[in-house]
Amino acid sequence: SDHKPITINQKTYRTDEWFNISPTVLSLTPRKLHLQKDHPVYITRQIIESVFPAPTFKTYNTLDPVVTTHENFDSLGFPPDHPGRAKTDTYYINSETLLRTHTSAHEAALFRAGESPGYLISADVYRRDEIDKSHYPVFHQMEGARVWSRADHGENLATAIWADVEHLPKHDMNVEDPNPAFHAERNPLQERHKEEEAAAVAAHLKKSLELMVYEIFTRVRASHAKTAEKKEKEEPLKVRWVEAYFPFTTPSWELEVFYQGDWLEVLGCGVSQQKILDDAGVPEKIGWAFGIGLERIAMLLFQIPDIRLFWSSDERFLSQFKGVSDDLTKLKPFVPFSKHPACYKDVSFWLGGTTSSAAGGNDRGVQQWHENDLMEIVREVGGDNVEDVVLTDSFQHPKTGKRSLCYRINYRSLERTLRNEEANELHEKVRGLLVERLGVELR
Ligand code: PHE
């Protein structure tokens, strides 16, 4: 077969029939925006790091994006049939090697290293996804964790953790936390945890993350105040805790912030599953972990309207953040440069096969339709010249049972006006590849 080896960050890997990483995505692996001084992703990382200082938290900012399926999924308790493992959702190098989909892939290794009671990871992560102003196949996450050892505290473990909770700084946010700390079905306590211990860990987790959000949103407000016409009297910041599910924590929560009239989900977190700590060789430890996406926060901090801008080398973008890394009080909103005209092109087609079974029981030879495969083709052809792709029509033919879809692709560059012929050329390529790779029938 023609599976050529590939090299990522100076290391070479064998590929097999699982390989599905486009050249564009591969070309982004060396960028590491979180390490580029004065880049908004770097500045956002700096702000969050300031809330979790050394020596309690050790920072890891250069962990390799190539991990095993074991690290990314199995070690964290993802079941074998979890949808996140699908080729349509994840970038694979080969059947057992992939580009990490989240920073949690490093949890086990860092719990094992155990160099300090806490750690913070910042890294690029990779996901096949839709195309719009807030999704990009590469983005950045921060993971944080903090543990306490039973061996150090014995019967006084809960008391020791509560003492640490007491030492955390205060904030004046309005916090809604309507659910009980544990819920037998929805958000269970772990078998090996005493309720008072897990409750203390949860309290430390919530308080720490509230402080992080307080730090971020206080800066968001200060920055917006610099351009706001008249300063309105500021309401206290409002956040709420929502029950959640992750295979590697229980109980688990998401933290939401009330921002411009909407509840905005900012992070996921929970009490680490004891199984991960056991496997990491530290069964005597108990603790928490969280994960947060940096672009999302950076878009709020700097009022950045389109996620593609982060990858731009346009000085009209980058120059606006110069000097902020060294002096966070210089933080101010991004001033967008003028928008170039949009160029909409539609593509409609019949899907191959007769019916599409959602359960995935596809006939051999008939490819199962997944929208992300279309998105990948559009990204491969159009790169950053596509602003978004939306499904505008979908219906099933009453007699043949065939499904017809229509997508509207918005070709618009952030940096220049695209000529109509250019957009047509890109669109023709997209149409060709849809037929060639996905077996659709153009209408
Ligand atoms: N890894 C999770 C995600 O990407 C976030 C998370 C991290 C949740 C750590 C709980 C604990 O969605």
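Just above sits the structure.
It should be emphasised that the depicted structure is a prediction, and the values quoted were computed from it without experimental measurement.

Chemist: Hey, could you run me through empty space enclosed by the protein in this one?
Modeler: To find leftover empty space, one rolls a probe the size of a water molecule over the atoms. With the rule as written, the count across this model stands at three cavities of 30 Å³ or more. By volume, the largest cavity amounts to about 80 Å³. In terms of lining, the largest cavity is formed by 13 residues, of which the most central are Leu110, Phe111, Gly114, Ser116 and Tyr119. Those elements that provide at least two residues to the lining of the largest cavity are helix H4 (107-113), strand S7 (118-126) and strand S8 (138-149). Examining the composition of the lining of the largest cavity, we find that three residues originate from one element, S8, more than from any other.

Chemist: What exactly am I supposed to notice about helix H6 (residues 157-167) here?
Modeler: A turn of α-helix holds 3.6 residues, and therefore any two residues three or four places apart point the same way. Along H6, the residues that are buried comprise Leu157, Ala158, Ala160, Ile161 and Val165. Angularly, the buried residues of H6 cover 165° about the axis, an arc narrow enough to put them on a single face. Within H6, the exposed residues directed more than 90 degrees away from the buried face are Thr159, Glu166 and His167. If you follow the buried residues of H6, they end up packed against S8, helix H5 (150-153), helix H7 (195-225) and strand S13 (285-293).

Chemist: Sorry, what's going on with the layout of surface pockets here?
Modeler: Roughly 1,400 Å³ of volume is contained in the largest pocket. Every residue lining the largest pocket is counted, 50 residues in all, and those nearest its centre are Arg127, Phe139, Gln141, Glu265 and Arg296. If you list the elements that add at least two residues to the lining of the largest pocket, you get S8, strand S10 (238-246), strand S11 (249-259), strand S12 (262-272), S13 and helix H9 (294-302). With seven residues, the top contributor of residues to the lining of the largest pocket is S12. Here the residues of the lining of the largest pocket sort into 22 nonpolar, 18 polar and ten charged.

Chemist: Just checking my understanding: could you explain the nonpolar core for this structure?
Modeler: The nonpolar side chains of a soluble globular protein tend to be buried with one another. Core analysis: the biggest nonpolar cluster contains 72 residues, and Leu209 and Phe217 have the highest contact counts within it. In this structure Phe217 touches Leu237, Val257, Tyr259, Val266 and Leu300, once residues within four positions along its chain are discounted. Core analysis: the next-biggest nonpolar cluster, separate from the first, contains 25 residues, Phe349, Leu351, Trp369 and Tyr407 among them.

Chemist: What am I meant to see in the sheet that holds strand S14 (residues 343-350) here?
Modeler: In sheet architecture, strand pairing relies on hydrogen bonds along the backbone and comes in two forms, parallel and antiparallel. Across the sheet, which stays open at both edges, the four strands sit in the order S15-S16-S14-S17 with antiparallel pairing between neighbours. With partners counted over all chains shown, the strands left at the sheet margins are strand S15 (386-396) and strand S17 (441-442), one partner each. One ladder, built from nine bridges, connects S15 with strand S16 (residues 403-411); its direction is antiparallel. In the strand pairing of S16, Val386 is matched with Tyr411. Across the face of the sheet, helix H11 (residues 371-382) comes into contact with S14, S15 and S16 while running at roughly 145° to S15. Strands S14, S16 and S17 of the sheet are contacted by helix H12 (residues 420-438), whose axis makes an angle of about 20° with S14.

Parameters at a glance
- Residues numbered from 1 in each chain as written.
- Predicted model: local features only at pLDDT ≥ 70, side-chain atom pairs only at ≥ 80, totals over all residues.
- Heavy atoms only, no water.
- 1 Å grid on protein atoms, 1.4 Å probe; cavity = no way out; pocket = protein on both sides within 12 Å on 5 of 7 lines; lining within 4 Å.
- Points joined across faces, edges and corners; volume = space filled by probe spheres on them.
- Helix = DSSP H or I, 4+ residues; strand = E, 2+ residues; numbered from the N terminus.
- Buried < 20%, exposed > 50% of the residue type's maximum accessible area, 1.4 Å probe, protein only.
- Arc of directions from axis to C-beta.
- Contact = heavy atoms within 4.5 Å.
- Nonpolar A, V, L, I, M, F, W, Y, C, P; charged D, E, K, R; others polar.
- Core = buried A, V, L, I, M, F, W, Y, C linked by side-chain atoms within 4.5 Å.
- Pairing = 2+ DSSP bridges.
- Axes fitted to C-alpha atoms, helices over the stretch in contact; angles between N-to-C directions.

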